[in-house]
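Structural overview for review
So you can see what is in the structure, the chains are spelled out below.
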Amino acid sequence: MKRNQQVNEITSQRANINCTLSIVNCKLFSLLSLAIILLSPTSVFAQKDIELNIDVPEKWQIDSIYLTNNITHYDWWSRFNDPMLDSLINVALTNNHNLQSIEAALDKSELVYQQSKSNFYPSLSLDAQYNLSESSLNYYEETSSDANRTNGYLNAGLNASWEIDVFGKNRNNVKSNRSTYLANEANYQNAIMNLCAQVATTYFNLRSYQQQLIVANQNIESEKNILDITIARYESGLGTQLDVSQAKSVYYNTLATIPRLDAYITQCVNQLAILLGTYPSTLKDSFDDASELPSIRHIVNVGIPADVIRNRPDVRQAEYLIESQAALIGAAKADYYPKFTINGSFGFLSHDIDKFLDNESRMFSFTPTLTWNLFSGLQTRKNVKIAEIALTESIDNYNNVILNAIQEVETEMSNYANALKTIEMGQQVVEQGNKTLELSIDLYKRGLGTFTNVLDAQRTVLSDQNYLVSAWNSALLSLVRLYTALGGNWE
């Protein structure tokens, strides 16, 4: 009983002392806090936003085939009017594993951003314990007895701690995490745009190889007919063995291109399978039948350079990263100044559980705390310097992204316009090549021309037809790259 009374007296004294000290500390804390806030520069509280003024050209060096209204190429791949391409892109957007990984990283960065906002609020915990102890009778043999060797008490209470964000460290960290999340979101949008471009590019390459395969088979049939003519003329004494050998050489040379084209087609199917997140065996039957390449005549609205800067996700990503680094400078500078923390607790302590909730068992504490790191080996200054260098790197990266964006659009606009001109001339070349072959064969049959003219015409026709298919495909790929360079403008 005597020990219980002593414990209660000590508890009461501690409560009175804590209350007195808390009042004194609170006053000192308030006065010191006010003095520091008044003497501190306001720029510390929150890092100022960085204003980026980038000079971009007012207009493009454009051809007359382009429009300069607002960019509105939503779902640009649908403008090729190819249901197969639409289907492949939809599957890729759903199943591509790389895109799913980037999406998971985006979700993680959002959680980091939401988690950082919890530092604005106090932390609250509940503690409860029961302590039972027994003292040594031999050690206290003169003062102790079996009756009071055992001692136990119950303690339970709430503990709270709150760091007041006077100098903006938490605010700037939250702002940095938010900007990082938005940068990851822009990166996700960029990944979607690039995935669509990869699928379209691979698909058009596949269709191009299939068209080249058709051209090869058509020429093989034509060359077989010419070979039969040379054999007939040789057997009738009107031709030579050299004519037959040369005709066979051209025929077998074209025939040898078939396996190479088949290999290219298989390679494209395999690449599509990876982009679609599946195995090649599931796609092979989908491309047994060759289809014509889509139309290359598109009315492309390129807007103005400023539209591209607003539209491209990689530009937005670079801009958000600058905002993130700028906020980290503010967070680093906040370490120059003290931290203000309020700790408090409220609970009950009693040996007798029946009296646990009595006023005599109540205890509390209120402890405002100021912590100021006066020296840390210049660590804070170095951290600020590191953050400033990282900001400079982000700005340089942003400037480089802007230059690349303008350059990519200008390049692909030129490539597409020149590809159309190449196709127009290439169609004329193929038409004249076919006429030359017909005339040379006719003259050879009548004995008025040499077989050399036929050989030259055969090689030229095959080369020109393949070149026209490649030029058509180049125009399609230039369109894909142009839509991508303009930002895709996906919804």
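Basis of the calculations
- Residues numbered from 1 in each chain as written.
- Predicted model: local features only at pLDDT ≥ 70, side-chain atom pairs only at ≥ 80, totals over all residues.
- Heavy atoms only, no water.
- Helix = DSSP H or I, 4+ residues; strand = E, 2+ residues; numbered from the N terminus.
- Contact = heavy atoms within 4.5 Å.
- Areas by Shrake-Rupley, 256 points an atom, 1.4 Å probe, with all protein chains shown as cover.
- Buried < 20%, exposed > 50% of the residue type's maximum accessible area, 1.4 Å probe, protein only.
- Pairing = 2+ DSSP bridges.
- Patch = residues over 30% accessible without salt bridge, like charges linked within 9 Å, V, L, I, M, F, W, Y side chains within 5 Å.
- Salt bridge = Lys/Arg side-chain N within 4 Å of Asp/Glu carboxyl O.
- Lys, Arg positive; Asp, Glu negative; His and termini not counted.
- Charge placed at Lys NZ, Arg CZ, Asp CG, Glu CD.
- Expected span 1.5 Å × (residues − 1).
- Axes fitted to C-alpha atoms, helices over the stretch in contact; angles between N-to-C directions.
- Parallel < 35°, antiparallel > 145°, perpendicular 65-115°, else oblique.
- Left-handed = near helix turned anticlockwise from the far one by under 90°.
- Nonpolar A, V, L, I, M, F, W, Y, C, P; charged D, E, K, R; others polar.
- Polar contact = N/O pair within 3.5 Å; in protein donor to acceptor, adjacent residues only side chain to side chain.
- pLDDT = per-residue confidence, 0-100.

Concerning the overall build of the protein chain
On a plain count of helices and strands, the protein chain comes out with 10 helices and 4 strands. The helix and strand sequence of the protein chain, counted from the amino end, reads α-α-α-β-β-α-α-α-α-α-β-β-α-α. Considering only contacts in the protein chain between residues 6 or more positions apart, those separated by 24 or more positions represent 86%. Total accessible area on the protein chain is roughly 28,100 Å²; 53% of this is exposed by carbon and sulfur atoms.

Some thoughts on unusual backbone geometry
Most of the time, phi is negative for any residue but glycine, and the peptide bond is trans. One non-glycine residue, asparagine 81, lies in the positive phi region at around 55 degrees. Summarising the element assignment, asparagine 81 is placed in the loop between α1 (2-39) and α2 (83-95).

A look at the environment of alanine 247
Structurally, alanine 247 is set in helix α5 (residues 241-255). Exposure remark for alanine 247: the relative accessible area of 2% places this residue in the buried category. For the pair alanine 247 and glutamine 458, spaced 211 residues apart in sequence, the C-alpha to C-alpha distance is 9.6 Å.

Brief notes about the pairing of strand β1 (residues 123-134)
A small share of β1 lies buried, amounting to 0 of its 12 residues. Relative to strand β2 (residues 150-164), β1 is paired through 12 bridges, and the arrangement is antiparallel. Across the sheet, the residue bridging to asparagine 131 is tyrosine 153, located in β2.

As for a negative patch on the surface
The grouping of Asp352, Asp354, Asp358 and Glu360 at the surface amounts to a negative patch. Inspection of the secondary structure puts aspartate 352 in the loop between β3 (339-350) and β4 (362-371). A relative accessible area of 33% places aspartate 352 in the partly exposed class.

Some details on helix α9 (residues 379-445)
Relative to the 99 Å expected for 67 residues at 1.5 Å per residue, α9 spans 92 Å between its end C-alpha atoms, a close match to the ideal helical length. Of the residues trailing α9, glycine 447 is marked for its positive phi of about 75 degrees.

Considerations on the pairing of β3
Relative to β3, β2 is paired through 11 bridges, and the arrangement is antiparallel. Paired with asparagine 155 across the two strands is leucine 349, which belongs to β3.

Notes on the packing of helix α4 (residues 169-235) against α9
Following both chains from N to C, one finds α4 and α9 inclined at 15 degrees, their axes separated by 11 Å at the closest point. The angle between α4 and α9 falls in the class roughly parallel. Seen from above, α4 lies across α9 with left-handed handedness. Of α9, the residues touching α4 (which contributes Ser222, Ile226, Ile229, Thr230 and Arg233) are Leu437, Ile441, Tyr444 and Lys445. Classifying every residue of the contact of α4 with α9 gives 5 nonpolar, 2 polar and 2 charged.

Some thoughts on the packing of helix α8 (residues 313-333) against α9
One can describe the packing of α8 onto α9 by two numbers: an axis separation of 9 Å at closest approach and a directional angle of 165 degrees. Compared by their axis directions, α8 and α9 come out roughly antiparallel. As α8 runs across α9, the sense of the crossing is left-handed. Looking at the contact of α8 with α9 residue by residue, the class counts come to 17 nonpolar, 5 polar and 4 charged.

Thoughts on the sheet that holds β3
Spatial strand order, β1-β2-β3-β4: 4 strands in an open sheet with antiparallel pairing. The open sheet has two free edges, formed respectively by β1 and β4, since each of these has just one partner strand. Each neighbouring strand pair of the sheet contributes to a mean axis angle of 20 degrees, computed without reference to strand direction.

Some words on α2
For α2, which comprises 13 residues, the first-to-last C-alpha distance of 18 Å matches the rise-based estimate of 18 Å (1.5 Å per residue) to within 8%. The opening residue of α2, the one whose side-chain oxygen lies 3.0 Å from the backbone nitrogen of methionine 84, is aspartate 82.

A short note on the confidence of the model for the protein chain
Confidence in the prediction for the protein chain averages 81 pLDDT; 84% of positions are at 70 or higher. In this model residues 1-46 is a low-confidence stretch, pLDDT under 50, and it forms 39 contacts with partners more than four residues away in sequence or in other chains.

So, a nonpolar patch on the surface
A cluster of nonpolar side chains, Leu124, Leu126 and Leu158, forms an exposed patch at the surface whose accessible area comes to about 340 Å². Mapped onto the elements of the fold, leucine 126 is located in strand β1.

Regarding the side chain of glutamine 211
Of note, glutamine 211 is situated in helix α4. Here glutamine 211 falls in the buried class, since its relative accessible area comes to 16%. In terms of polar contacts, glutamine 211 uses its side chain to reach the backbone carbonyl oxygen of serine 291, at 2.9 Å. Non-local contacts of glutamine 211, meaning those with residues more than four positions away in its chain, are made with Ser291, Glu292, Leu293 and Val469.

A look at the side chain of serine 176
The topology assignment puts serine 176 in helix α4. Using a relative accessible area of 3% as the deciding quantity, one classes serine 176 as buried. For serine 176, the contacting residues outside a window of four places in its chain are Ser324, Ala327 and Leu328.

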